[in-house]
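# Breakdown of the fold
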2 protein chains.
Amino acid sequence: MSPYPSTIVNLIKNISKLPGIGEKTAERLAMHILRAPRKEAEQLSRSIVEAKEKVRLCKLCYGLSDDEVCKLCTDPTRDASLLCVVEQPADMVAMEKSGAFIGRYHILSGVLSPMNGVGPEDIRMGELIAKIQRGRIKEVVLATSTSVEGEATASYIAERLGTYSLKVTRIASGVPMGGDLKYVDQVTLKKAMEARHDL
Amino acid sequence: MSPYPSTIVNLIKNISKLPGIGEKTAERLAMHILRAPRKEAEQLSRSIVEAKEKVRLCKLCYGLSDDEVCKLCTDPTRDASLLCVVEQPADMVAMEKSGAFIGRYHILSGVLSPMNGVGPEDIRMGELIAKIQRGRIKEVVLATSTSVEGEATASYIAERLGTYSLKVTRIASGVPMGGDLKYVDQVTLKKAMEARHDL
């Protein structure tokens, strides 16, 4: 018999379904919720349901949005001639946090993976081509990940876009900032050496 | 401007109020909730509110309970002549998990702390005495923590119970199991040496 009443057992069980939360942590969080002001617990509970109900994909960039078109796609200060292609919404968030990009996004739903039956039409290639055919875009920055599949997807997209008169670029690979050279893998070091530039 | 829509910003904010959950983890959990099946998110949301609504203190032991009297206090297989005194509900849970105790509990609401104005009547001493006066209890096990205040509280209770004809015991102190002697503090080692027993 569990030493907790069933309501708490249930709460612990549901919390421990979250990724990276073990039973001990779930217990601690459940105890915090029991002690916390009622308002705080209700806000947490409501925000979970609201997120599920309201959040959808922006119909332009396919990022997460509360509305049909996201804040970023409707922002007139963003450069509509620049388009950054990323794999998933989280990548867009990371890029936005860096503050390095001032254009708009196109979010694929993953990467090409012929072994798993994921072809171009499964990762919104048609939608990307349609955007480009509208003619406003001058540069497409390919910011898929640097995994084998991410690289292959970037190469594929670059090839497909070869017929349009626009610049296609790829984000740089190299030694991460603050990185200790002796811990950096050989492939990355090779990339960094090949892409060396004047100072 | 946050790269997330406001519903997600709100969810992240509420999750990061939980103890030990930083903003990064809150983001990860929020993303999981967005991807998870709707049913799972609703269950989590509902169990939070239910826990706040249903859980109260058992009117006998003052532990956490779904009903007026908790499962443990109504369990006829528990030895009603044994009473374990602990500081808080979490201590009772820990003791129950050890499976070492077969009696009932009395949960104080903390420890005596004259410096902070916490006197005997603030930690349910009256309720403890009333239980003992009913005459069924033969042994009281003092399982307050081994902090200075926990020890003082145990001493105080032992003294108060001196006038009743019952056994008052204190849980043993010593080297924790699996403990490496060289990392154990001096006070604990002294206690362990003083309380040495025949093999």
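To start, this report covers the structure provided alongside it. Keep in mind that this is a model prediction, so the values were computed, not measured. (Residues numbered from 1 in each chain as written. Chains lettered and ligands numbered in written order. Predicted model: local features only at pLDDT ≥ 70, side-chain atom pairs only at ≥ 80, totals over all residues. Heavy atoms only, no water.)

## Concerning the sheet that holds strand 4 (residues 103-107) of chain A
Residues and elements named next belong to chain A.
- One open sheet holds the four strands; their spatial order is 4-3-5-6, and the pairing between them is parallel. The sheet is open, and its two borders are formed by strand 4 and strand 6 (167-170), each paired with just one other strand. Here the strands of the sheet are splayed against their neighbours by 25° on average, with no regard to which way each runs.
- Here strand 5 (residues 139-142) pairs with strand 6 via four bridges, running parallel. Opposite Val141, over in strand 6, you have Thr169 as the bridge partner.
- This element, helix 5 (residues 89-98), spans strand 3 (79-86) and strand 4 of the sheet and lies at about 160° to strand 4.
- Its contacts with the sheet put helix 6 (residues 125-133) on strand 3, strand 4 and strand 5, and the angle it makes with strand 4 is roughly 150°. (Pairing = 2+ DSSP bridges. Helix = DSSP H or I, 4+ residues; strand = E, 2+ residues; numbered from the N terminus. Axes fitted to C-alpha atoms, helices over the stretch in contact; angles between N-to-C directions. Contact = heavy atoms within 4.5 Å.)

## Remarks on empty space enclosed by the protein
- Scanning the entire structure with this criterion turns up four cavities of 30 Å³ or more.
- Estimated volume of the largest cavity: approximately 100 Å³.
- Surrounding the largest cavity, Ile15, Leu18, Leu29, Ile33, Leu44 and Ile48 of chain A together with Ile15, Leu18, Leu29, Ile33, Leu44 and Ile48 of chain B form its lining.
- Where the lining of the largest cavity is concerned, the elements lending two or more residues are helix 2 (23-35) and helix 3 (38-54) of chain A together with helix 2 (23-35) and helix 3 (38-54) of chain B. (1 Å grid on protein atoms, 1.4 Å probe; cavity = no way out; pocket = protein on both sides within 12 Å on 5 of 7 lines; lining within 4 Å. Points joined across faces, edges and corners; volume = space filled by probe spheres on them.)

## As for the relation of the copies chain B and chain A
- The operation relating chain B to chain A is a screw motion whose rotation component is 180°, with 0.0 Å of axial translation and a residual RMSD of 0.1 Å. Interpreted geometrically, this transformation is the action of a two-fold axis. The position closest to the rotation axis in chain B is occupied by the C-alpha of Ser45 of chain B, lying 2.2 Å away.
- An overlap of 100% is found between the interface residues of chain B and their copies at the interface of chain A, pointing to a shared contact surface. (Least-squares fit on C-alpha atoms with pLDDT ≥ 70 in both.)

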